[in-house]
Amino acid sequence: LEAKGRDFQSLNTFMLLLVEILHHPSGRICTEQINLWGMLLRDPQISRTQILQPHVGEMTKCYMNQLVKIRWEDVENETFPQYKIMEASFDDDEDYDAWMADLRSKSSLLFKFIGNTAPATAAEVINERLKTGLANNGAGQPLNFLDPATNQLTQKSDAVMHFEAMTQPFENILSGVPPWTMDDSSTAPKEQQRVESIRKRTRAALAEMAQNLVSWNPDYLWLRFRRAALLDTLKYYWKYEPSTLLQGVDTLIRYIGLPDQWGDPTGSSGGAAGSDDNMSGHTVSLKKKSGVALVSIAKRVPQHLVPWINELSNATSNLLSSPGLIPMNQMHLFEFLSCVASAVDDPTARAGFIATVLSNPLETIASAEVQQQIGSPGALLEMFGITKVGENPQNATNGEYVRKVTQDYFRLFTALNRLLSVGKRCNEAARKRGVGGIGGVHGIQGSNPNHFADEGPVSIQELAINDPFAPLWPQLLPTLITLTKSVLSIWRPEHQALLLRNPLQRYALAISDDEAYSSKNHDKGGVFGEGGTAGSVVSGADRRDANLVPKWSGWFNELRNTCFQLFGLLATGRVLFAPEISDMYPALVSAMTDLDNLKAMEHRQFTQYLKHVCELLLVSCPATLYPTHLAPILAPVLEHVRYRLDYTWSPILGKAPSGTQLTRASSDFTSALSSNNSSQAAELAAKGGDEWFSWYYSHGGLFVGDLDRVTADSAVEKNRVDLSRVFSDVLQVAMALKGDWALVLATRAKEETAMKRNDPS
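Calculation rules
Residues numbered from 1 in each chain as written. Predicted model: local features only at pLDDT ≥ 70, side-chain atom pairs only at ≥ 80, totals over all residues. Heavy atoms only, no water. Helix = DSSP H or I, 4+ residues; strand = E, 2+ residues; numbered from the N terminus. Buried < 20%, exposed > 50% of the residue type's maximum accessible area, 1.4 Å probe, protein only. Contact = heavy atoms within 4.5 Å. Areas by Shrake-Rupley, 256 points an atom, 1.4 Å probe, with all protein chains shown as cover. Patch = residues over 30% accessible without salt bridge, like charges linked within 9 Å, V, L, I, M, F, W, Y side chains within 5 Å. Salt bridge = Lys/Arg side-chain N within 4 Å of Asp/Glu carboxyl O. Lys, Arg positive; Asp, Glu negative; His and termini not counted. Charge placed at Lys NZ, Arg CZ, Asp CG, Glu CD. Polar contact = N/O pair within 3.5 Å; in protein donor to acceptor, adjacent residues only side chain to side chain. Phe/Tyr/Trp six-rings, centres within 6.5 Å; stacked < 30°, edge-to-face > 60°. Core = buried A, V, L, I, M, F, W, Y, C linked by side-chain atoms within 4.5 Å. Axes fitted to C-alpha atoms, helices over the stretch in contact; angles between N-to-C directions. Parallel < 35°, antiparallel > 145°, perpendicular 65-115°, else oblique. Left-handed = near helix turned anticlockwise from the far one by under 90°. Nonpolar A, V, L, I, M, F, W, Y, C, P; charged D, E, K, R; others polar. pLDDT = per-residue confidence, 0-100. Expected span 1.5 Å × (residues − 1). Disulfide = S-S within 2.5 Å.

1. With respect to the overall build of the chain
Along its length, the chain carries 38 helices and 0 strands. Dimensions of the chain, computed from C-alpha atoms along their principal axes, come out at roughly 90 × 75 × 55 Å. Residue burial in the chain is summarised as follows: out of 761 residues, 53% are buried. The long-range fraction of contacts in the chain, counting pairs at least 24 apart against all pairs at least 6 apart in sequence, stands at 73%. Total accessible area on the chain is roughly 33,900 Å²; 51% of this is exposed by carbon and sulfur atoms.

Here it is in structure tokens:
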């Protein structure tokens, strides 16, 4: 341990041998040592010494080399230099891919340990790796595996694959670098030697790396994608040294606004197209990656972006008004601005900035046209094009009409989703401020030892001190209540009776292809990949087509879940209990507890309601407001749960639900409703009452369209189990057996036990 003597020399020789073995071209041999190196780096007695220091750099390089993927066709074609070793190491491409996934999973923690234990060496290694990569592949050389139509690099090009392999180790190492190496105010561990030397080496290497990365300006789309991913990793460095931060952010904003460089609608990789039908999937991927990186950076270092908040606001405003912006990037830009705004110190300025950022979404949902479109179930069916498709089936595929309906929907959904996204960011930031997240409250407990000083109604003005989104709720809430009532009402039996009779309108009630996919055991590839469920609910059509019918199910899911999450945000932000909205509370209770709407929800919808509304209301409601704010919602919901569970499980248990008699075989009750028997279901829905609901709940209320029987049965079983599991979760949260309160109580119990034992740990 003192790094000297005969025993140390023997150990050092052994370590040199280990590192030498790591140079073997077979990844199988390399990965056999991962656990050993992780254990050594994690051991405080060893990591404090100089035993590992001579070997860490070379070991890091070896593992980074293994992360560069191999094109398996090169092995099969015998063009890879060590193809015989690869064939001996792996059975086929699937075996190799599985090994690579395992290597990346295991090496994540290893790289983080390396960054923490040997920060200077790790920083120098990744700096050299980037410099070598820029010299050898920065311009796309050797320009192989080009797309024949565009002459662009593809994901199989050597340059792209080399930069792809850098992202994970850079992220892990930079996240592991200890604060004392970058921040003089952080104290280094007492046993740490050569502190100033380590600080100087680490800062010099990372400064050079950051400068090289922000200065690199590749022309090829997939190199820009890899650059965006690498810029995201610098957020850990920019936390301490933001001199190049603005250049990196400017790059990502420019990438979001880039025109399409590819030109085909979907891209040869089969990626989903953007909002523009002529935008390639490759360009959409770059824009999404840039947006995700932008938000990730803003969440990590918002305080360093505040000085440029006006310039950033102008730049994003210009992007938001540009025609080529995909919907996902709109969300990214709003999240980015809300993260930066959360770091503004002045509460009034912070709230004013958020109000300005969200002025357009608020104006959209308050417009007379939108209010008319969401004012009733019939109006919502009209907006979705369901009414006109019922009148004339050709409207479902009429290009002009499909575009109009799609634009109307996305105008509403995008506005709501922007509000939800920014509201969540503001709520997260608010929880990190003040006492208990409530501004102006300085006491810990009042006269009642079981009640905290901030329990009870807190005004929006007080809440806005920490949460700049709070003042916007009086504008948003009336629309949210109206929309929720309209969406939920569509599933009432009288509406289902009409929709199920029509061969196209009935698919508005169906599950989506994505929900069908999540209900079955499946391989990788996704909904649209091999073995996916795209086009299985609406036979031969999926949501990517210029056809309204397969889009409806996803649209309803998005709207409903967004409404539920907004109600949950209203509770967690404490605005639900503010005096300023007391006049709206009866309407809110009416919308959320309408018995007809509660009964009409499918299991998949009701579980979301329990999870996003009821559970959050339970943990957020002050104890003093249980009678006035919790009971009016929770009492009817719990009574309905008993009713729903009774009808759900009785056929499985082979007995009639309370007050009914089973007149069909159990299998008839529990089979999902499909297109084949939707007409008979429409007749039953027209009757309503317990006969309808006993059958409706027994299969979870699912209408699966043209889905195959096996997948449909899996979907029914999944929804039945999910209902019971989520309700159980809510009960456990209510009794502090699960969730944040359970953790608080467990921590308190541990502290009390330690105090009794006089154990300060």
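2. Section: a nonpolar patch on the surface
Judged by side-chain polarity, Leu638, Leu731, Met735 and Leu737 come together as a nonpolar surface patch covering roughly 390 Å² of accessible area. Looking at where leucine 638 falls in the secondary structure, it is placed in helix α33 (residues 626-653).

3. Topic: helix α36 (residues 689-698)
With 7 of its 10 residues buried, α36 lies for the most part within the structure. All of the buried residues in α36 are Trp692, Phe693, Ser694, Trp695, Tyr696, Tyr697 and Ser698. Immediately downstream of α36, the backbone of glycine 700 shows phi near 75°, a positive value.

4. Structural notes on the side chain of threonine 607
Structurally, threonine 607 can be placed in helix α32 (residues 603-620). The buried category is assigned to threonine 607, whose relative accessible area is 7%.

5. Notes on a negative patch on the surface
On the surface, a cluster of negative charge is contributed by Glu76, Glu78, Glu87, Asp91, Asp92, Asp93 and Glu94. Along the polypeptide, glutamate 76 turns up in helix α6 (residues 72-76). A relative accessible area of 55% means that glutamate 76 is categorised as exposed.

6. Description of the environment of histidine 629
Relative to the helices and strands, histidine 629 resides in helix α33. Remark: the alpha-carbon pair of histidine 629 and serine 215, spanning 414 residues in sequence, is separated by 56 Å. A polar atom in the side chain of histidine 629 sits 2.8 Å from the side chain of threonine 628.

7. Quick word on the packing of aromatic side chains
Each aromatic ring pair is described using two quantities: the centre-to-centre distance and the angle formed by the ring planes. Enumeration according to the criterion identifies 26 aromatic pairs in this entry. With a centroid separation of 5.5 Å and 85° between ring planes, the pair formed by phenylalanine 469 and tryptophan 473 is classed as edge-to-face. What makes phenylalanine 469 buried here is its relative accessible area of 1%. Site record: aromatic cluster; members linked through ring pairs are Phe384, Tyr409, Phe410, Phe413, Trp491, Trp555 and Phe556.

8. Some points on the environment of tryptophan 552
Tracing the backbone shows tryptophan 552 in helix α29 (residues 552-572). Non-local contacts of tryptophan 552, meaning those with residues more than four positions away in its chain, are made with Phe384, Gly385, Ile386, Val389, Leu504, Gln505, Tyr507 and Ala508.

9. Points about the pattern of salt bridges
Inspection of the entire model under this criterion finds 32 salt bridges. For lysine 404, the salt bridge goes to aspartate 408, with nearest N and O atoms at 3.0 Å. Highlighted residues: lysine 404 and aspartate 408, both in helix α24 (residues 399-431), separated by 4 residues, approximately one helical turn. By relative accessible area, aspartate 408 is classed as buried at 10%. Here aspartate 722 and arginine 725 are joined by a salt bridge, their closest N and O atoms 3.3 Å apart. Of this pair, aspartate 722 and arginine 725 both sit in helix α37 (residues 709-734), 3 residues apart, which is roughly one turn of that helix. On the basis of relative accessibility, which here comes to 40%, the residue arginine 725 falls in the partly exposed class.

10. Overview of the nonpolar core
Ranked by internal contacts, the top residues of the largest apolar core, which has 217 residues, are Trp37, Tyr63, Phe384, Phe556, Leu588 and Tyr609. Looking at which element gives the most residues to this core, the answer is α24, with 12 residues. If we skip the residues at most four places from it in the chain, phenylalanine 556 touches Leu380, Leu381, Phe384, Ile386, Val487, Ile490, Trp491 and Ala508. The next biggest cluster of nonpolar side chains, apart from the first, holds 5 residues, and it includes Ala120, Trp180, Ala188 and Val195.

11. Quick notes on the packing of helix α1 (residues 6-22) against helix α3 (residues 34-42)
Packing of α1 against α3 brings their axes to within 12 Å, and their N-to-C directions diverge by 135°. Relative to α3, the element α1 lies oblique. Two packed elements cross with a definite hand, and for α1 against α3 that hand is left-handed. Here α1 contributes Met15, Leu18, Val19 and Leu22 to the contact with α3, which in turn contributes Leu36, Trp37 and Leu40. Residues of the contact of α1 with α3, tallied by class, amount to 7 nonpolar, no polar and no charged.

12. Let's talk about a positive patch on the surface
On the surface, Lys112, Lys239, Lys299, Arg300 and Lys432 cluster together into a patch of positive charge. With respect to the secondary-structure elements, arginine 300 resides in helix α15 (residues 281-300).

13. Regarding the environment of threonine 624
Its location among the elements puts threonine 624 in the loop between α32 and α33. In this structure the C-alpha to C-alpha distance between threonine 624 and proline 468, which are 156 residues apart in sequence, comes to 25 Å.

14. Quick word on the packing of helix α8 (residues 93-117) against helix α10 (residues 158-176)
Two numbers describe how α8 lies on α10: the axes approach to 7 Å, and their chain directions differ by 45°. Accordingly, the angle class assigned to the pair α8 and α10 is oblique. Two packed elements cross with a definite hand, and for α8 against α10 that hand is right-handed. The segment α8 lies against α10, with Arg104, Ser107, Ser108, Phe111, Lys112, Gly115 and Asn116 engaging Glu164, Ala165, Gln168, Pro169, Asn172, Ile173, Ser175 and Gly176. A breakdown of the residues in the contact of α8 with α10 according to their chemical character gives 4 nonpolar, 8 polar and 3 charged.

15. Details of the confidence of the model for the chain
Detailed conclusions should not be drawn from predicted coordinates in areas where pLDDT is low. Model confidence for the chain is summarised by a mean pLDDT of 88, while 91% of its residues fall at 70 or above. Taken together, the stretch residues 435-453 has pLDDT below 50 and engages in 28 contacts with residues farther than four places along the chain or on a different chain.

16. Considerations on α15
Under the 1.5 Å per step criterion, the end-to-end length of α15 is 29 Å for 20 residues, consistent within 8% with the ideal 28 Å. Burial analysis of α15 places 14 of its 20 residues in the buried class, the great majority of the element.

17. Notes on unusual backbone geometry
Cis geometry is adopted by the peptide bond preceding proline 142, which originates at glutamine 141 and carries an omega value of 15°. Within the secondary structure layout, proline 142 lies in the loop between α9 (119-137) and α10. Notably, asparagine 151 is not glycine yet its phi reads approximately 60°, a positive angle. Note on placement: asparagine 151 falls in the loop between α9 and α10.

18. A closer look at the state of the cysteines
Working definition of a disulfide: a covalent bond connecting the sulfur atoms of two cysteines. With the rule as written, the count across this model stands at 0 disulfides. Unpaired in this structure, cysteine 339 has its nearest cysteine sulfur neighbour in cysteine 426, at a distance of 8.6 Å. Note on cysteine 339: relative accessible area 5%, which makes it buried. The thiol of cysteine 614 is unpaired, and the distance to the nearest cysteine sulfur, on cysteine 621, comes to 12 Å. Residue cysteine 614 is classed as buried on the basis of its relative accessible area of 1%.

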